[in-house]
Amino acid sequence: MLDEERAAVAREVGSLAELTPGRTGNLSVRRGDRFAVTPTGVPYDDLSADEVSVVSLEGEHLAGADPSSEGPMHRGIYRTFEAGAIAHVHSPWATTLAVLHEPVPPVHYAIANAGGEVPVAEYATYGTKELADNAVAAMDEAGTSATLLANHGVVATGADAVAAIETARAVEATARLYGQARGIGDPTTLPDEEIQRVAEKFESYGQGED
């Protein structure tokens, strides 16, 4: 049952360690109306594919250990968007902006990975449907593949686990640059048309383009 997706979660979840402390993040990969997601409370470096949870988009636990408490947020995003994977992290610079209720502005072209300025979803208690609804609403309104979660962290999507984690990295890197630049002066943002141009270039990056 979702053997490839469970294996991908177990294989890639270690990459979250650089973005989130302890066991606080989670990762999922979708296929059809089901998704594989990190279980609650299991150390990343000791996670086997058999332990990875399988959950339906209706919330039914189908296999593996007990799923992450953020299952409702993963379900809400999958039911709304065509995402293939979701990474949720508490990376320090992006979470700092989330605490300030400030979006991540497009001060570097890397943010094109997330679709442009990353918004802030309204606060709600972790693991609740309200938080899921707030995350979906923020991403839908902004047209982005990521959002900050007020006073909480970051959620990012992608075509697969590697892409979702890369989106989270882009958000964190841009948040860090913004915070550092703001400590020196007034950061300059890139216009929407440049972000769109870069996003189009990213689609063919590494595939033979000069």
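Throughout this document, residue positions are counted from 1 along each chain, in the order its sequence is written. The predicted origin of the model limits local features to residues at a pLDDT of at least 70 and limits the giving and counting of side-chain atom pairs to 80 or more, whereas totals for whole chains, interfaces and linings rest on all residues. For the side-chain quantities, the full set of heavy atoms in the structure was used; hydrogens and water were omitted.

### Description of the sheet that holds strand β4 (residues 61–63)
Then, number 1: Whether two strands pair depends on DSSP finding at least two bridges between them. Put simply, DSSP marks the helices as runs of H or I at least four residues long and the strands as runs of E at least two long, and each gets a number from the N terminus on. An order of β4-β3-β2-β1-β5-β8-β7-β6 is seen for the 8 strands of this open sheet, with the pairing classed as mixed. Of all the strands in the sheet, just β4 and β6 (120–121) have a single pairing partner and so form its edges.
Then, number 2: Note on contacts: a residue pair is in contact if any heavy atoms of the two residues lie within 4.5 Å. Axis definition: a line fitted to C-alpha atoms, limited for helices to the stretch in contact. Angles are taken between N-to-C directions and run from 0 to 180 degrees. Packing of helix α2 (residues 71–80) onto the sheet brings it into contact with β1 (26–31), β2 (34–37), β3 (53–56), β5 (85–89), β7 (146–149) and β8 (153–158), and relative to β1 it is tilted by some 40°.
Then, number 3: Strand contacts of helix α5 (residues 161–182): β1, β5, β7 and β8, with the helix running at about 140° to β8, the strand carrying the most contacts.

### Details of the layout of surface pockets
Then, number 1: A 1.4 Å probe that fits but cannot get out identifies a cavity on a 1 Å grid over protein atoms alone, an open set with protein on both sides within 12 Å along at least five of seven lines counts as a pocket, and a residue lines either if it has an atom within 4 Å of a point. Grid points are joined across faces, edges and corners, and a volume is the space filled by probe spheres set on the points. Roughly 310 Å³ of volume is contained in the largest pocket.
Then, number 2: Taken together, 13 residues form the lining of the largest pocket, with Ala-112, Asn-113, Ala-199, Phe-202 and Glu-203 sitting closest to its centre.
Then, number 3: For the lining of the largest pocket, the elements supplying multiple residues, two or more each, are β8, α5 and α6 (192–202).
Then, number 4: In terms of residues, the lining of the largest pocket owes the most to one element, α6, which gives 4 residues.
Then, number 5: Per-class residue counts for the lining of the largest pocket are 5 nonpolar, 6 polar and 2 charged.
Then, number 6: Roughly 210 Å³ of volume is contained in the second largest pocket.
Then, number 7: In terms of lining, the second largest pocket is formed by 15 residues, of which the most central are Arg-23, Thr-24, Asn-26, Ser-68 and Ser-69. Note that Gly is not counted as nonpolar here; it falls among the polar residues with everything else outside the nonpolar set of Ala, Val, Leu, Ile, Met, Phe, Trp, Tyr, Cys and Pro and the charged set of Asp, Glu, Lys and Arg.

### Some details on the packing of α2 against helix α4 (residues 129–142)
Then, number 1: Relative orientation of the contacting elements α2 and α4 amounts to 35°, with a least axis distance of 8 Å. Handedness of the α2/α4 crossing: right-handed. Touching Pro-72, Met-73, Gly-76, Ile-77 and Thr-80 of α2 are Lys-129, Leu-131, Ala-132, Ala-135, Val-136 and Met-139, all from α4.
Then, number 2: Grouping the amino acids of the contact of α2 with α4 by side-chain chemistry returns 8 nonpolar, 2 polar and 1 charged. Throughout, a crossing is termed right-handed when the near helix is turned clockwise from the far one, and left-handed when it is turned anticlockwise from it by less than a right angle.

### Comments concerning the packing of aromatic side chains
Then, number 1: Side-chain rings of Phe, Tyr and Trp (the six-membered ring for Trp) are treated as a pair once their centres are within 6.5 Å; stacked means planes under 30 degrees apart, edge-to-face means over 60, and tilted covers the remaining angles. Per the stated rule, a full pass over the model turns up 2 aromatic pairs.
Then, number 2: Here the aromatic rings of Phe-35 and Tyr-78 are separated by 5.2 Å at their centres, their planes lie at 45°, and the arrangement is tilted. In this pair, Phe-35 sits in strand β2 while Tyr-78 sits in helix α2, placing the two residues 43 residues apart along the sequence.
Then, number 3: For the exposure calls, accessible area comes from a 1.4 Å probe over protein chains only, and a residue counts as buried if that area is under 20% of its type's maximum, exposed if over 50%, partly exposed in between. According to the relative accessible area criterion, Tyr-78 is buried, its value standing at 1%.

### Quick word on the nonpolar core
Then, number 1: Core analysis: the biggest nonpolar cluster contains 41 residues, and Leu-16, Leu-27, Val-104, Ile-111, Val-118, Leu-148 and Val-171 have the highest contact counts within it.
Then, number 2: Looking at this core, the elements that each hand over two or more residues are α1 (3–12), β1, β5, α3 (92–100), β7, β8, α5 and α6.
Then, number 3: Considering every element that reaches this core, the biggest residue donor is α5, with 7 residues.
Then, number 4: Phe-35, Val-37, Phe-81 and Ile-86 belong to the second-largest nonpolar core, a separate cluster that totals 20 residues. By nonpolar core we mean a set of buried residues, namely Ala, Val, Leu, Ile, Met, Phe, Trp, Tyr and Cys, connected to one another through side-chain atoms within 4.5 Å.

### Regarding the packing of α3 against α5
Helix-helix packing is described using two parameters, namely the angle between the two axes and the distance between the axes.
Then, number 1: At their nearest, the axes of α3 and α5 sit 7 Å apart, and the two run at 70° to each other. With respect to each other, α3 and α5 are oriented roughly perpendicular. Like other packed secondary-structure pairs, α3 and α5 cross with a definite hand, here left-handed. Where α3 approaches α5, its residues Pro-92, Trp-93, Ala-94, Leu-97 and Leu-100 are matched on the opposing element by Val-171, Glu-172, Ala-175, Arg-176, Tyr-178, Gly-179, Gln-180 and Arg-182.
Then, number 2: Partitioned by chemical class, the residues of the contact of α3 with α5 number 8 nonpolar, 2 polar and 3 charged. An angle counts as roughly parallel when it lies under 35 degrees, as roughly antiparallel when it exceeds 145, as roughly perpendicular when it falls between 65 and 115, and as oblique in every other case.

### A few points about unusual backbone geometry
Trans peptide bonds make up most of the peptide bonds, and negative phi angles are found at most residues other than glycine.
Then, number 1: Even without being a glycine, His-101 presents a positive backbone phi close to 60°.
Then, number 2: Tracing the sequence through the fold places His-101 in the loop between α3 and β6.
Then, number 3: A relative accessible area of 46% places His-101 in the partly exposed class.
Then, number 4: Look at Asn-151: it is not a glycine, yet its phi comes out positive at around 55°.
Then, number 5: Turning to its location among the elements, Asn-151 is positioned in the loop between β7 and β8.

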